[in-house]
Amino acid sequence: MKKRIAIFASGSGSNAQKLMEHFKRSPEVEIALVLTNNPDAYVLQRADNFEIPSHIFDRNEFYHTDHIVNLLKNLEVDLIVLAGFLWLIPKNLLHEYPGRIINIHPALLPKFGGKGMYGDHVHLAVLEAKETEGGITIHYVNENYDEGEYIYQAKYRIDKEDNLELIKFKGQQLEHLHYPRIVETIIKKIKK
Ligand code: GAR
């Protein structure tokens, strides 16, 4: 049986798209489900395009019921991959998937992480701090924002004239390049 991934995303889902493309023809790994807290998230359209089922949930379902844990268990999901997902992961999910939830963050943690640090907020803070390099961090997820053990980091150079669009682009290129292959390495180590 193939190993199974569930992707959580809150927005556009360009990273989710790269994961869907990467595993589309894999004999060993499949994306079983895409989950979102945002009914307007473009990631839902992307999942549809790949004929991957999706599930929309609200705060109550996520934080006060076991519905999502049960859904993932029933689908025999092995690994949870966050791809631009903005809510903190609740205890019941962490408990059911210890060491099996990973996230990507658009900065070189531990810099520019924590609550409220997502998407453009991160890039703007990086520019504001006049950093000469930016990067991405792929890490395990624990009960705090952006604090789990690091799995992989990659850097890009920031030139004086770089603006928001440019560093966003540089970061996104790195995310798209590395996230699918790191996810693949991790899921292949999981015993079914
Ligand atoms: C990505 O850059 C990801 O690193 C970031 O959200 C973006 C989602 O883009 N995640 C965070 O900021 C988490 N704190 P996408 O929807 O196009 O994949």
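Since this is a predicted model, take the numbers as computed values, not measurements.

## Concerning the overall build of the protein
So, point 1. The number of helices and strands found in the protein is seven helices and seven strands.
So, point 2. Of the regular secondary structure in the protein, the N- to C-terminal order runs β-α-β-α-β-α-α-β-α-β-α-β-β-α.
So, point 3. Over its C-alpha atoms the protein spans a radius of gyration of 16 Å, differing by no more than 12% from the 16 Å that the globule rule assigns to 192 residues.
So, point 4. In terms of overall dimensions, the protein has a C-alpha envelope of 50 × 35 × 30 Å along the principal axes.

## A few points about the UniProt feature "domain: Formyl transferase N-terminal" (unreviewed entry) in the protein
So, point 1. The UniProt entry lists residues 3–182 under the feature "domain: Formyl transferase N-terminal" (unreviewed entry), expressed in the numbering used here.
So, point 2. What you have in residues 3–182 is 37% helix and 23% strand, and the ends, taken at the C-alpha atoms, are 15 Å apart.

## What about the layout of surface pockets?
So, point 1. Considering only enclosed or pocket space, the largest pocket measures out at about 890 Å³ in volume.
So, point 2. Contributions of two or more residues to the lining of the largest pocket are made by helix H1 (14–23), helix H3 (59–64), strand S5 (101–105), helix H6 (119–128) and helix H7 (164–189).
So, point 3. A per-element tally of the lining of the largest pocket places H7 first, with four residues.
So, point 4. Here the lining of the largest pocket is built from residues that sort into 15 nonpolar, 18 polar and six charged.
So, point 5. For the second largest pocket, the calculated volume is near 170 Å³.
So, point 6. Lining the second largest pocket are Val126, Leu127, Lys130, Glu131, Thr132, Ile158, Asp159, Lys160 and Asp162.
So, point 7. Class assignment of the residues belonging to the lining of the second largest pocket gives a composition of three nonpolar, one polar and five charged.

## Brief notes about the UniProt feature "site: Raises pKa of active site His" (unreviewed entry) in the protein
So, point 1. The UniProt record marks Asp146 with the feature "site: Raises pKa of active site His" (unreviewed entry), using the residue numbering of this structure.
So, point 2. Residues contacting Asp146, with those up to four places away along its chain left out, are Asn103, His105, Leu109, Gly113, Gly114, Met117 and His139.
So, point 3. Looking at Asp146, its side chain comes within polar contact range of the side chain of His105, at 3.4 Å.

## Thoughts on the nonpolar core
So, point 1. Membership of the largest hydrophobic core comes to 38 residues, with the highest contact counts inside it found for Ile5, Tyr179 and Val183.
So, point 2. Per-element tally for this core: the top contributor is H7, with seven residues.
So, point 3. Sequence-distant contacts of Ile5, that is, excluding residues within four places in its chain, are made with Phe23, Val29, Glu30, Ile31, Ala32, Leu33, Val77, Leu79, Val81, Val183 and Ile187.
So, point 4. The next biggest cluster of nonpolar side chains, apart from the first, holds 21 residues, and it includes Ala6, Leu35, Leu93 and Ile101.

## Points about the pattern of salt bridges
So, point 1. Applying the stated rule across the entire model yields 10 salt bridges.
So, point 2. A salt bridge links Glu184 to Lys188; the nearest nitrogen and oxygen atoms lie 2.7 Å apart. Here the residue Glu184 and the residue Lys188 both occupy positions in helix H7, the gap between them amounting to four residues, near one helical turn.
So, point 3. You can call Glu184 partly exposed: its relative accessible area is 21%.
So, point 4. The class for Lys188 is partly exposed, based on a relative accessible area of 39%.

## Considerations on the sheet that holds strand S3 (residues 54–56)
So, point 1. Reading across from one edge, S3-S2-S1-S4-S5-S6-S7 is the order of the seven strands in this open sheet, with mixed pairing throughout. Lying at the two open borders of the sheet, with one neighbouring strand each, are S3 and strand S7 (150–157). Between one strand axis and the next, the sheet turns through 20 degrees on average, direction left out of account.
So, point 2. Contacting strand S1 (3–8), strand S2 (29–36), strand S4 (79–82) and S5, H1 runs over the sheet at an angle of about 155 degrees to S2.

Parameters at a glance
- Residues numbered from 1 in each chain as written.
- Predicted model: local features only at pLDDT ≥ 70, side-chain atom pairs only at ≥ 80, totals over all residues.
- Heavy atoms only, no water.
- Helix = DSSP H or I, 4+ residues; strand = E, 2+ residues; numbered from the N terminus.
- Rg over C-alpha atoms; globule rule 2.2 N^0.38 Å.
- UniProt positions renumbered as here; feature names shortened; annotations may be inferred.
- 1 Å grid on protein atoms, 1.4 Å probe; cavity = no way out; pocket = protein on both sides within 12 Å on 5 of 7 lines; lining within 4 Å.
- Points joined across faces, edges and corners; volume = space filled by probe spheres on them.
- Nonpolar A, V, L, I, M, F, W, Y, C, P; charged D, E, K, R; others polar.
- Contact = heavy atoms within 4.5 Å.
- Polar contact = N/O pair within 3.5 Å; in protein donor to acceptor, adjacent residues only side chain to side chain.
- Core = buried A, V, L, I, M, F, W, Y, C linked by side-chain atoms within 4.5 Å.
- Buried < 20%, exposed > 50% of the residue type's maximum accessible area, 1.4 Å probe, protein only.
- Salt bridge = Lys/Arg side-chain N within 4 Å of Asp/Glu carboxyl O.
- Pairing = 2+ DSSP bridges.
- Axes fitted to C-alpha atoms, helices over the stretch in contact; angles between N-to-C directions.

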